[in-house]
Amino acid sequence: KNPDENYVITLLKVELDPKAVKEAKYQHSKKNYTKKDKKKLKNELFKEAAATVAAESSTGTWTKVYDGVDSGIPLAMKKRAMAFDLDYEKKMFKVAYPVELFELNNIPGLLAGVVGNIAGMKMVSAMRVYDIRFPRKMIKAFPGPKYGVEGVRKMLKKPKQCLVATVPKPKIGRTDKEQASLAEVLFTSGKGTYDGIKDDENLTHLEFNDFYKRAKLVLKEQDKAEKKTGNKKFYLCNLTHSSIDEMLKRADFIKKHNGKFMMMDVVTTGMTAVYTMRKKNPGLAIHAHRAMHGFMTRDNSPGIHGKGKLYGFSVSMIVLAKLFRLMGVDSLHGGSPLAKMEDYDEAKYIQKVLQHKNLEKDKKIPSLGQKWYDIKPVWHTASGGLHPGDIEAVLDELGNDILIQCGGGLLGHPQGVEAGVMAIEEAREIYFQNVPLRKFVKDNPETPLAKAVDHWGYGPKIIY
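Everything in this summary refers to the structure shown in the same document. All values reported here derive from a predicted model rather than from experimental measurement.

Quick look at the state of the cysteines
Turning to step 1, where the next piece is worked out: All told, the structure shown has 0 disulfides when counted by the stated rule.
Turning to step 2, where the next piece is worked out: Free of any disulfide, Cys 406 has its nearest cysteine sulfur in Cys 162, 9.4 Å distant.

Given below as structure tokens:
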């Protein structure tokens, strides 16, 4: 009853370990089990696995323990998690945890419970955590984004349309001065409408590219370009570090030099770092880069969407997207249905996770939905092999509240960087004028956009 009031709910799929199945067959063979009982036996093992997940991640123990006076057993029994909605064909199930099992605003504590030890169970050979649904009390315990979609639009004086930005290529190689020079070109080429420049995930504070010098020089170009073009600009400045104190120092430096965003590698810095930076934020929007997420979220098994077998252990990007929205990032890399490394259906659903207020379950993706109450929507950053020929399709799929990041898809333009800027300007402009991309290219074959399409085509560049 009242799941959004009383429970944290997770959605999982498991595969039974063949050794466990074989051992169970042997044990039951002593009880005159026939071949007809094979399916029943597997169902019983699956039910046991689901129950063990619920027990191991809440109040259970592997063996009977002292249950006398002051043992805690009566309360543990009352507050135990329960597996339910078991799907015996797909080997999927949900677990409901009484919200009292968790400190409301403690994400590391929550994860230590619901996914902490369950992947170590020997009776399962594979497992995926597809989704988590938070109750109202837990949602209300977090601030969510400081700015979100509307706050960033107000900051940039951009009431509609998508945002565009470019990460320097190569990722590592430009000096701080060279990056500032690129920023000047991006900010002022063409009609001067290009929005932003972004550090890549592994560009921090290097011998040849000093964080403080880079931030100061690029933000100086930002200020100059805003005066020259009359359009607001932004720099997604990567302050990732092992030390929270150093990250806060870098955030203050960005703010002091008129920066609007900080950028964090949110997976590598961790949940505590994300929440601390949100709570002690000096007034910057938080751009969340998800470097390393693939080692947790990627699963090439046939059973990735529920049907078929799983081959490994993973947590979906849907789970991470919910956690980061809850803790308060303003922009998060969620992939793109057209990007070089993404799952089509999951990327589309992640956009809904980040932006819908009352998120419904999806028919194609194993999911639980979510009521977000007062938590603001987050910018969905689409990136990975995108170029001007993709912009129409990406906007059709993901809507206007997205940041489209083109790195090589701008800097690799056959006519140079300035032409790359103009090609993206043209692609965005004609989209919001309802001019079909193919028609524009046919009617204007000498434009930078047409040259970009001639070079890259209309679809994504898949990286194998």
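A word on helix H8 (residues 176–188)
Turning to step 1, where the next piece is worked out: If you check H8, its first and last C-alpha atoms are 19 Å apart, about what 13 residues at 1.5 Å a residue would give, namely 18 Å.
Turning to step 2, where the next piece is worked out: All buried positions along H8 are accounted for by Asp 176, Gln 179, Ala 180, Leu 182, Ala 183, Val 185, Leu 186, Phe 187 and Thr 188.
Turning to step 3, where the next piece is worked out: Looking at the buried residues of H8, the elements they touch are strand S5 (163–166), strand S6 (196–198), helix H9 (211–229), strand S7 (234–238), helix H17 (408–411) and helix H18 (417–432).
Turning to step 4, where the next piece is worked out: The first or second residue beyond H8 is Gly 190, which carries a positive phi of 60°.

Notes on unusual backbone geometry
What you tend to see is this: most non-glycine residues have negative phi, and most peptide bonds are trans.
Turning to step 1, where the next piece is worked out: Residue Lys 169 is joined to Pro 170 through a cis peptide bond whose omega torsion reads 0°.
Turning to step 2, where the next piece is worked out: By the secondary structure assignment, Pro 170 is in the loop between S5 and H8.
Turning to step 3, where the next piece is worked out: Despite not being glycine, Asp 85 shows a phi value in the positive range, around 50°.
Turning to step 4, where the next piece is worked out: Tracing the sequence through the fold places Asp 85 in strand S2 (residues 82–87).
Turning to step 5, where the next piece is worked out: Phi is positive for Lys 157, which is not a glycine, with a value near 55°.

Digging into empty space enclosed by the protein
Turning to step 1, where the next piece is worked out: Tallied over the entire structure, the rule returns 1 cavity of 30 Å³ or more.
Turning to step 2, where the next piece is worked out: Of the volumes computed, that of the largest cavity is approximately 40 Å³.
Turning to step 3, where the next piece is worked out: If you trace the largest cavity, you find it lined by Val 152, Leu 163, Phe 234, Phe 261, Ser 331, Trp 379 and Leu 403.
Turning to step 4, where the next piece is worked out: In terms of residue class, the lining of the largest cavity is made up of 6 nonpolar, 1 polar and no charged.

A short note on the pattern of salt bridges
Turning to step 1, where the next piece is worked out: All told, the structure shown has 25 salt bridges when counted by the stated rule.
Turning to step 2, where the next piece is worked out: With its nearest N and O atoms 3.1 Å apart, the salt bridge here joins Lys 94 to Asp 85.
Turning to step 3, where the next piece is worked out: Exposure remark for Lys 94: the relative accessible area of 17% places this residue in the buried category.
Turning to step 4, where the next piece is worked out: Several salt bridges share partner residues, and in doing so they unite Asp 4, Arg 133 and Lys 371 into one network.

Re the environment of Leu 395
Turning to step 1, where the next piece is worked out: Mapped onto the fold, Leu 395 is located in helix H16 (residues 391–398).
Turning to step 2, where the next piece is worked out: Residue Leu 395 is classed as buried on the basis of its relative accessible area, which comes to 1%.
Turning to step 3, where the next piece is worked out: Sequence-wise, Leu 395 and Glu 184 are 211 residues apart; in three dimensions their C-alpha atoms are separated by 27 Å.
Turning to step 4, where the next piece is worked out: Every residue in contact with Leu 395, bar those within four places of it in the chain, is listed here: Cys 162, Asn 400, Ile 402, Ile 404, Tyr 431 and Phe 432.

As for the nonpolar core
Turning to step 1, where the next piece is worked out: Core analysis: the largest hydrophobic core is formed by 109 residues, its most contacted members being Met 264, Phe 324 and Ile 404.
Turning to step 2, where the next piece is worked out: Core analysis: the second largest hydrophobic core is formed by 13 residues, Val 152, Met 155, Phe 234 and Phe 261 among them.

Observations regarding the sheet that holds strand S1 (residues 7–16)
Turning to step 1, where the next piece is worked out: Read across the open sheet, the 5 strands follow the order S2-S3-S1-S4-S10; overall the sheet is mixed. Of all strands in the sheet, those with a lone pairing partner are S2 and strand S10 (313–315), marking the two edges. With direction set aside, neighbouring strand axes in the sheet form an average angle of 20°.
Turning to step 2, where the next piece is worked out: Where S1 and strand S4 (residues 124–133) come together, 8 bridges link them in antiparallel fashion. If you follow Lys 13 over to S4, its bridge partner there is Arg 128.
Turning to step 3, where the next piece is worked out: In the packing of helix H14 (residues 317–327) onto the sheet, contacts are made with S4 and S10, and the angle to S4 comes to roughly 35°.

Regarding the packing of aromatic side chains
Turning to step 1, where the next piece is worked out: Evaluation of the coordinates by the stated rule reveals 8 aromatic pairs.
Turning to step 2, where the next piece is worked out: An angle of 90° between the planes, with centres 5.0 Å apart, marks the rings of Tyr 212 and Phe 253 as edge-to-face. In this pair, Tyr 212 sits in helix H9 while Phe 253 sits in helix H10 (residues 244–256), placing the two residues 41 residues apart along the sequence.
Turning to step 3, where the next piece is worked out: Assessed through its relative accessible area of 18%, Tyr 212 is described here as buried.
Turning to step 4, where the next piece is worked out: Given the relative accessible area of 18%, Phe 253 is considered buried.
Turning to step 5, where the next piece is worked out: Taken together, the ring pairs in this structure connect Phe 46, Tyr 88 and Phe 93 into an aromatic cluster.
Turning to step 6, where the next piece is worked out: Between Arg 250 and the ring centre of Phe 211, over which it is positioned, the NZ or CZ distance is 5.1 Å.
Turning to step 7, where the next piece is worked out: A cation sits over an aromatic face here: Arg 438 above Tyr 458, 3.8 Å from the ring centre.

Focus: the sheet that holds strand S14 (residues 379–383)
Turning to step 1, where the next piece is worked out: Reading around the circumference, S5-S6-S7-S8-S9-S11-S14-S15 is the order of the 8 strands in this closed barrel, with parallel pairing throughout. The mean inter-strand angle of the sheet, taken between neighbouring strand axes irrespective of direction, is 25°.
Turning to step 2, where the next piece is worked out: The sheet contact formed by strand S9 (residues 285–289) and strand S11 (residues 331–333) spans 2 bridges and is parallel. Bridge pairing in S11 links His 287 to Ser 331.
Turning to step 3, where the next piece is worked out: The sheet contacts of H16 involve S14 and strand S15 (402–405), and relative to S15 the element is tilted by about 155°.

Section: the pairing of S15
Turning to step 1, where the next piece is worked out: Residues of S15 alternate between two faces, with Ile 402 and Ile 404 on one and Leu 403 and Gln 405 on the opposite face, all of them buried.
Turning to step 2, where the next piece is worked out: As defined by bridge partners, S5 adjoins S15 across 3 bridges and the pair is classed as parallel. Opposite Val 164, over in S15, you have Ile 404 as the bridge partner.
Turning to step 3, where the next piece is worked out: Sheet topology places S14 next to S15; 4 bridges connect them, and they run parallel. In the sheet register, His 380 faces S15, and the bridge partner there is Ile 402.
Turning to step 4, where the next piece is worked out: Following the backbone out of S14, through H16 and into the adjacent parallel S15, one traces a crossover that is right-handed.

Definitions and limits used
Residues numbered from 1 in each chain as written. Predicted model: local features only at pLDDT ≥ 70, side-chain atom pairs only at ≥ 80, totals over all residues. Heavy atoms only, no water. Disulfide = S-S within 2.5 Å. Helix = DSSP H or I, 4+ residues; strand = E, 2+ residues; numbered from the N terminus. Expected span 1.5 Å × (residues − 1). Buried < 20%, exposed > 50% of the residue type's maximum accessible area, 1.4 Å probe, protein only. Contact = heavy atoms within 4.5 Å. 1 Å grid on protein atoms, 1.4 Å probe; cavity = no way out; pocket = protein on both sides within 12 Å on 5 of 7 lines; lining within 4 Å. Points joined across faces, edges and corners; volume = space filled by probe spheres on them. Nonpolar A, V, L, I, M, F, W, Y, C, P; charged D, E, K, R; others polar. Salt bridge = Lys/Arg side-chain N within 4 Å of Asp/Glu carboxyl O. Core = buried A, V, L, I, M, F, W, Y, C linked by side-chain atoms within 4.5 Å. Pairing = 2+ DSSP bridges. Axes fitted to C-alpha atoms, helices over the stretch in contact; angles between N-to-C directions. Phe/Tyr/Trp six-rings, centres within 6.5 Å; stacked < 30°, edge-to-face > 60°. Lys NZ or Arg CZ within 6 Å of the ring centre and 35° of its normal. Right-handed = clockwise from strand over helix to strand, strands pointing away.

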